[in-house]
Amino acid sequence: RDDLKQVEADFKAAVAARERRVTSRYRARHRSGHWRHLVDRAVVMYRDDGVPYRLVGCVQDVSEQVETTRSLVEADERKDRFLAVLAHELRNPIAPLRNAVSILRTADFERPELWQSVEILDRQLLHATRLVDDLLDVGRIGRGSLELRKTAVRFADVVQTGVEAVRPAIEERGQQLKLALSLADETVLVDPVRIAQVIANLVGNASKFSHSGDTIEVTATTLGSQVQITVEDHGMGIPPTALSTIFEMFARLDRGDAEATEGLGIGLALSRHLVELHGGQIRAYSDGRGTGARFVVTLPVQRAPVNTAPSARGGE
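Please read these numbers as outputs of a predicted model, since none were measured by experiment.

Remarks on the sheet that holds strand β1 (residues 21-29)
Spatially, 3 strands are ordered β1-β2-β3 in an open sheet, and the strand pairing comes out antiparallel. Both outer strands of the open sheet, β1 and β3 (52-61), are each paired with one neighbouring strand and no more. Averaged over neighbouring strand pairs, the angle between their axes works out to 25° when direction is ignored. In the sheet, strand β2 (residues 35-46) pairs with β3 via 9 bridges, with the strands oriented antiparallel. Bridge pairing links Val39 to Gln60 in β3. The strands touched by helix α2 (residues 63-105) within the sheet are β2 and β3, with β2 carrying the most contacts at an inclination of about 125°.

Observations regarding the pairing of strand β10 (residues 293-300)
Burial analysis of β10 places 6 of its 8 residues in the buried class, which makes it a mostly covered element. The pairing of strand β8 (residues 226-233) with β10 spans 8 bridges and is classified as antiparallel. Among the inter-strand pairings, Thr230 is bridged to a residue of β10, identified as Val296. Taken together, the 5 bridges between strand β9 (residues 281-285) and β10 define a ladder with antiparallel strand orientation. Looking at β10, one finds that Gln281 is bridged to Thr298.

Brief notes about the sheet that holds β10
If you trace the 5 strands from one edge of the open sheet to the other, you get β5-β7-β8-β10-β9, paired in mixed fashion. Where the open sheet ends on each side, the last strands, each with one partner, are β5 (176-181) and β9. The mean inter-strand angle of the sheet, taken between neighbouring strand axes irrespective of direction, is 10°. Seen against the sheet, helix α4 (residues 155-172) touches β5, β7 (215-223), β8 and β10 and runs at an angle of roughly 180° to β5.

Quick word on the pattern of salt bridges
Using the criterion set out here, one finds 9 salt bridges in the structure. The salt bridge partner of Arg36 is Asp61, with a shortest N-O separation of 3.0 Å. Of the two residues, Arg36 sits in strand β2 while Asp61 sits in strand β3, which places them 25 residues apart along the sequence. Salt-bridge contacts for Asp122 lead to Arg105; the nearest nitrogen and oxygen are separated by 2.8 Å. With a gap of 17 residues between them, Asp122 in helix α3 (residues 112-143) and Arg105 in helix α2 connect regions that are remote in the sequence. Taken together, the salt bridges that share partners define one network made up of Arg98, Arg105, Glu119 and Asp122.

Conventions used here
Residues numbered from 1 in each chain as written. Predicted model: local features only at pLDDT ≥ 70, side-chain atom pairs only at ≥ 80, totals over all residues. Heavy atoms only, no water. Pairing = 2+ DSSP bridges. Helix = DSSP H or I, 4+ residues; strand = E, 2+ residues; numbered from the N terminus. Axes fitted to C-alpha atoms, helices over the stretch in contact; angles between N-to-C directions. Contact = heavy atoms within 4.5 Å. Buried < 20%, exposed > 50% of the residue type's maximum accessible area, 1.4 Å probe, protein only. Salt bridge = Lys/Arg side-chain N within 4 Å of Asp/Glu carboxyl O.

Written as structure tokens, this is what we have:
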């Protein structure tokens, strides 16, 4: 009865507004006893004095579409809960492992291969920590609980922090990093942790898809009321068909080698979300395979007095 009352209310509201088209969604019990979801679409015809005299329309059963949508939403919610639980469960063993590596670093190893083993453990644990943090962020995005903690910082310091986070990987691959900051002492109001995370994702991605000996260029400049960061590489490039999907969650490009399996395919999606939370935009450009790629981040400038102790650390 409530559904039929809604149909009647929709019709009366359409007539009062002299609308010609009326659409109502409601449920009705089928003779089998099951409830069906229906969409009623109609065209109202009026006389010259504005009185409706005819109603022409059709009723469509959309039960399957409604149930499919509901199933997809529920599956997406279960996925978000699973990722959140998985990330927390993975984080628990990482902390004692990092403590163990710290203790091993204080040992006096005579054999160089033991030192090399400790270095490998340290790098892989750092990589695992970043993956877990990304999983936690995906869960926060799904729940809508990922928030910014803005503070006044020198933007050049934020860029430097993001670059330094991935510099070891760049050096390990034998690549060169060219950094050009024309921001002077520009002080802006951003979440320094999140913007540094975006820069680290972009620079790390550029390194991953570049060759040994390649140069990765990072520039940051002020353009009127905006700050622009550009990360450019001369590596494997992006196929034209992938430019429209590269920022989607779990999207990954095929490098054609073992390293293509690294990562979860969420770094660029997470970066886009963080940039958009700041009111900015992120775009990717490439002329195709083998031509390199360029990522451009544009953020609105919110100027504020500089913090006496700017930090790139903050909350989750």
